[in-house]
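# Fold and geometry: a report
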Amino acid sequence: QVQLVESGGVLVQTGGSLRLSCAASSLIYAMGWFRQAPGKEREFVAAINLSGSATYYADSVKGRFAISRRNANNTLYLQMNSLKPEDTGVYYCAADGKFYVSRDRREYHYWGQGTQVTVSS
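Everything numeric here is computed off the predicted structure, so don't read it as measured data. (Residues numbered from 1 in each chain as written. Predicted model: local features only at pLDDT ≥ 70, side-chain atom pairs only at ≥ 80, totals over all residues. Heavy atoms only, no water.)

## Focus on the overall build of the chain
The cut-off we apply is this: Working definition: helices are DSSP H or I runs of at least four residues, strands are E runs of at least two. Numbering for both runs from the N terminus. Radius of gyration: over C-alpha atoms. The globule rule applied is 2.2 Å multiplied by the number of residues raised to the 0.38 power. Burial classes follow relative accessibility: with a 1.4 Å probe on protein chains only, a residue under 20% of its type's maximum area counts as buried, one over 50% as exposed, and anything between as partly exposed. Residue contacts follow a heavy-atom distance rule, with two residues in contact if any of their heavy atoms lie within 4.5 Å. Where accessible areas are quoted, they stem from the Shrake-Rupley method and a 1.4 Å probe; at the residue level, only the protein chains shown are allowed to cover. Positive charges are assigned to Lys and Arg, negative charges to Asp and Glu, while His and the chain termini are left out of the count. To locate a charge, take atom NZ for lysine, CZ for arginine, CG for aspartate or CD for glutamate.
Within the chain, the regular secondary structure consists of zero helices and 11 strands. The globule rule puts the C-alpha radius of gyration for 121 residues at 14 Å, and the 13 Å found for the chain is close to it. Oriented by its inertia axes, the alpha-carbon framework of the chain measures out at about 40 × 30 × 25 Å. Buried residues in the chain amount to 45% of all 121 residues. Taking as baseline every contact in the chain between residues at least 6 positions apart, the subset at least 24 positions apart corresponds to 59%. Carbon and sulfur atoms provide 48% of the accessible area of the chain, an area that totals close to 6,200 Å². Separation between the mean location of the 13 positive side-chain charges and that of the 9 negative ones in the chain comes to 5 Å.

Now the structure itself:
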């Protein structure tokens with residue numbers, strides 16, 4: 001069992017930056033970020049493999065967001081720049097022990113409780 005705890009969500013203005021963190025209770029291969037806006041389905045944001053050599057992004061965040069991880073302390077990060085109101089939502093950290101990275105939320109077994117990001121216009 002892997003526990004995930006997100007932090008860093010706040011209210012920020014359009015164009016601002018924010019960094020989310022996710023502390024994992026143990027090292028795990030695939031990690032990712034998903035988000036869910038009110039009334040919408042949870043959607044893929046970014047994912048990364050164990051070494052950090054492979055990263056994947058949703059088209060809507062490519063060039064603005066950067067996913068990274070620090071395995072020494074089992075922490076996942078999401079650096080978010082040039083934030084837009086449409087980035088508003090609850091951001092979830094996800095992880096799975098399978099040896100590949102997926103954009104499909106059904107492939108992730110472990111989830112955090114989420115952290116709220118609100119971008120004001």
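## Remarks on the pattern of salt bridges
Stated formally: A carboxyl oxygen of Asp or Glu within 4 Å of a side-chain nitrogen of Lys or Arg is what we treat as a salt bridge.
In total, this model carries eight salt bridges according to the counting rule given. Ionic pairing is found between K98 and D96, a salt bridge with its closest N-O pair at 3.0 Å. The exposure class of K98 is partly exposed, given its relative accessible area of 31%. One salt-bridge network, in which partners are shared between bridges, spans R35, E43, R64 and D87.

## Examining the state of the cysteines
Should the sulfur atoms of two cysteines be covalently bonded, the bond is a disulfide. For clarity, the cut-off: Sulfur atoms of two cysteines make up a disulfide when they are within 2.5 Å.
Under the counting rule described, the total for this entry stands at one disulfide. Disulfide pairing is shown between C22 and C93; the S-S distance is 2.1 Å. In this structure the cystine formed by C22 and C93 twists about its S-S bond by roughly -75 degrees; its chirality is therefore left-handed. On the criterion of sequence distance, the pair formed by C22 in strand β3 (residues 18–24) and C93 in strand β9 (residues 89–96) is long-range, its members being 71 residues apart.

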